[in-house]
There are 2 protein chains.
Amino acid sequence: MDKYELKLDQAARAAWLSYVGGRTQDEIASQLGVSRPGVQRLLALARQEGLVKVHIDHPLASCMVMSDAIVQRFGLDFCDVVPADPDASDSDVHYLAVAGAERLARYLDRSEPLTLSLGTGRAIRAMVEALSRLDRPQHRFVSLVGNVARDGSSNRYDGVMVLADKTGAERFLLPAPVVAGSVEEKQALQGQRLFQAVAEVARQAEAAFIGIGRIDRRATLFQDHFISETELEELLALEAVGELLGWPMNQAGEVIDCSITRRVTSLPLEALGDQSLVALAGGHDKGPAILSSLQGGWLKGLVTDERAARHIIESCRL
Amino acid sequence: MDKYELKLDQAARAAWLSYVGGRTQDEIASQLGVSRPGVQRLLALARQEGLVKVHIDHPLASCMVMSDAIVQRFGLDFCDVVPADPDASDSDVHYLAVAGAERLARYLDRSEPLTLSLGTGRAIRAMVEALSRLDRPQHRFVSLVGNVARDGSSNRYDGVMVLADKTGAERFLLPAPVVAGSVEEKQALQGQRLFQAVAEVARQAEAAFIGIGRIDRRATLFQDHFISETELEELLALEAVGELLGWPMNQAGEVIDCSITRRVTSLPLEALGDQSLVALAGGHDKGPAILSSLQGGWLKGLVTDERAARHIIESCRL
DNA sequence: TCGCTCGATGATCAAATGATCGAACAAAAA
DNA sequence: TTTTTGTTCGATCATTTGATCATCGAGCGA
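Residues numbered from 1 in each chain as written. Chains lettered and ligands numbered in written order. Predicted model: local features only at pLDDT ≥ 70, side-chain atom pairs only at ≥ 80, totals over all residues. Heavy atoms only, no water.

A. Layout of the relation of the copies chain B and chain A. Taken as rigid bodies, chain B and chain A are interconverted by a rotation of 179° and an axial shift of 0.0 Å, the fit giving an RMSD of 0.2 Å. The superposition operator between the copies reduces to a two-fold rotation axis. Residues of chain B ranked by C-alpha distance from the rotation axis are headed by B:V54, positioned 2.3 Å from it. Of all interface residues in chain B, 100% are interface residues in chain A too; the two copies therefore contact each other through one and the same surface. (Least-squares fit on C-alpha atoms with pLDDT ≥ 70 in both. Contact = heavy atoms within 4.5 Å.)

Okay, here's the thing in structure tokens:
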């Protein structure tokens, strides 16, 4: 695939001329010696491959106010609030992903070895995809959540693989379902040497980037068949509103002890006590779940959007 | 000017939707409740104010090769080679400025107090203008070159002011012309308490970002009347090919001792010995001047373009 | 060697964008 | 109150961009 490299090179050059230099596609075409549609294709490639990173360098006043309020109220280290796109669906995580990637890049920039743990979810996955390629073979990435479903298929929202590919770092995946079929199965899983080794690496991580899940009929946990309908009903009856790493919690952010909790294989949240736990979640519907995680005092950092931030602020004010 | 702030806010929002979200101007218009041309104006404003930062995240193979060669040959810490735009004039420093700003940002990111010194020139000026706004009141910036011309007017290419404004940092300007009228004047200037105080701060700087000047009829030093035509002739007769901070040097990078040198008020290059000296210069015509600075071993880092890099590589190979 | 398939290329057109210009509006002065 | 001046806004048009489609040529098997 040397040909492809060459093409990317040219695409990067076209992108320079277009985005940094502000040339028109016609000018670029004559410079690179290709037709105008050729430039078109190069630029499309450059964007698709994530070669072009755009950063809007202005703190939106409304977002800043909410961000500050949340940092104050919940004692966070930081809170990024990205503007919401009223037209985009609630599940459009692109804006979050870009902002999250910038936070993540700050950690990765370091040249000393770093161990970082990741949760799963669309937001986390999109975040690592939005990240720049960056050579950091000294780092290690480890998943905090089992990455196989009950049917044995791998979790398509796992970010560790992509991130390790982009950086050339070592990767550690948790070979388990999020929720085991029974307490015995969980114990058997956790007894495995491999599982324990990965968990140990996870405990050494300095920081964790995780998603926040809702608990309702549209919960990822339910939709991706990590829990059954009966189990969902059980959680709802116990007033669960959100989950971190599969641990369901109530409005106050307390982990709910129930038949499901006893079968969750993820690392216990307490084990991450000294890590910087950074959550990535947005959309108005996720407001209650995010609020719950904040109330529980689990988080050190939050990347969210205007919609969720507004919900949080308004709920606090009561 | 609160109205203006509001406008910038909206411009930033429009830029988010357009650049990060990829919406069309029509969609943005209906969301922000303005007309399509209104969005047009907002986006133009956002770009003009430098709210939109674009980064092409791909190492161009040809540039990387030259960069590595230069780092190796001259023992630099780094060398960034940006692609040249064949259509842009040799004096277009925009690409250099963007790359330089990224290097500069790495220093500024630090939260501990930092003292940084700056030379002058269009490239340096453009670099600080390309930089993101960033709150760093703990830093200090100091100019290494006198920033008044013989007629008493201030140097329009001084970057310290702009940089200090953008960061809220302290600023130290050297209250002197680059080249004094006479040796006595130079000594009088350097005897001033203010001058000595600023020079002392400059000596404490950790790193310096400077330009590289040519010595010919198109030299900034000459065009901006820092030296007269007779003085230029004198320098050319002594085989000067470039200058750093106003210190003229020959092909081997040795500072030339002559009537002009004895009147230059800038800090002596030796005084910066332990600082990281980063130079910013490009264009084919500047090749000899850049090469001379490299030969002299003055630099720790270089940001240049393909044209100059090619000239340097080819000259070395002989 | 011929014919087939697949991928790349350039012509063409619709959509989106940037720029100009005149109208409307507001503020200030007569 | 009227006029003038300066500014903002939106209609319109030229330019640029993105996408489709037909064509061409290289590679591969018969």
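B. Geometry of the pairing of strand β3 (residues 115-118) of chain A. All names here are of chain A. Of the two faces of β3, both are covered, the one formed by T115 and S117 as well as the one formed by L116 and L118. Here β3 runs beside strand β4 (residues 140-143); their pairing, made up of 4 bridges, is parallel. Among the inter-strand pairings, L118 is bridged to a residue of β4, identified as S143. Taken together, β3, helix α6 (residues 122-130) and β4 constitute a β-α-β crossover, and its handedness is right-handed. (Buried < 20%, exposed > 50% of the residue type's maximum accessible area, 1.4 Å probe, protein only. Helix = DSSP H or I, 4+ residues; strand = E, 2+ residues; numbered from the N terminus. Pairing = 2+ DSSP bridges. Right-handed = clockwise from strand over helix to strand, strands pointing away.)

C. Just the protein's contact with DNA strand D, in detail. In the vicinity of DNA strand D, the contacting residues are A:T24, A:Q25, A:R36, A:Q40, A:R47, B:K7, B:S35 and B:R41. Each atom of DNA strand D within 4 Å of the protein was classed as base or backbone; sugar and phosphate made up 49%. Within the side chain of A:R36, a nitrogen or oxygen atom sits 2.8 Å from a base oxygen of DNA strand D. Between DNA strand D and B:S35, the relevant distance is 2.8 Å, taken from a phosphate oxygen to a side-chain nitrogen or oxygen of the residue. Considering every element that reaches the surface near DNA strand D, the biggest residue donor is helix α3 (residues 36-48) of chain A, with 3 residues. Tallied by class, the residues present in the surface near DNA strand D amount to no nonpolar, 4 polar and 4 charged. (Near = heavy atom within 4 Å. Polar contact = N/O pair within 3.5 Å; in protein donor to acceptor, adjacent residues only side chain to side chain. Nonpolar A, V, L, I, M, F, W, Y, C, P; charged D, E, K, R; others polar.)

D. Structural context of the environment of A:V98. Structurally, the position occupied by A:V98 is in helix α5 (residues 94-108). On a C-alpha basis, the gap between A:V98 and A:L131 in space is 7.6 Å, while along the polypeptide they are 33 residues apart. Contacts of A:V98, omitting those with residues within four sequence positions, involve A:A130 and B:V20.

E. Broad picture of the protein's contact with DNA strand C. Looking at DNA strand C, the residues that line it are A:K7, A:S35, A:R41, B:T24, B:Q25, B:R36, B:Q40 and B:R47. Taking the atoms of DNA strand C that fall within 4 Å of the protein, sugar and phosphate contribute 42% of them. Between DNA strand C and B:Q25, the relevant distance is 2.6 Å, taken from a phosphate oxygen to a side-chain nitrogen or oxygen of the residue. The element that contributes the greatest number of residues to the surface near DNA strand C is helix α3 (residues 36-48) of chain B, accounting for 3 residues.

F. Summary view of the nonpolar core. Residues A:I70, B:I70 and B:L299 are the most contacted members of the largest nonpolar core, which totals 222 residues. The contacts of A:I70, once residues within four sequence positions are left out, are A:G75, A:L76, A:C79, A:L294, A:L302, A:A309, A:I312 and A:I313. (Core = buried A, V, L, I, M, F, W, Y, C linked by side-chain atoms within 4.5 Å.)

G. Representation of the sheet that holds strand β6 (residues 207-211) of chain A. All names here are of chain A. Pairing is parallel across the open sheet formed by 7 strands, whose spatial order is β2-β11-β10-β6-β3-β4-β5. Looking at the sheet topology across the chains shown, the edges are occupied by β2 (78-82) and β5 (170-172). On average, adjacent strands in this sheet sit at an angle of 15° to one another, irrespective of strand direction. Across 5 bridges, β2 lies against strand β11 (residues 301-305) in parallel orientation. Counterpart to V82 in the pairing with β11 is D305. Sitting on the sheet, α6 touches β3, β6 and β10 (276-280), and the angle it makes with β6 is about 120°. (Axes fitted to C-alpha atoms, helices over the stretch in contact; angles between N-to-C directions.)

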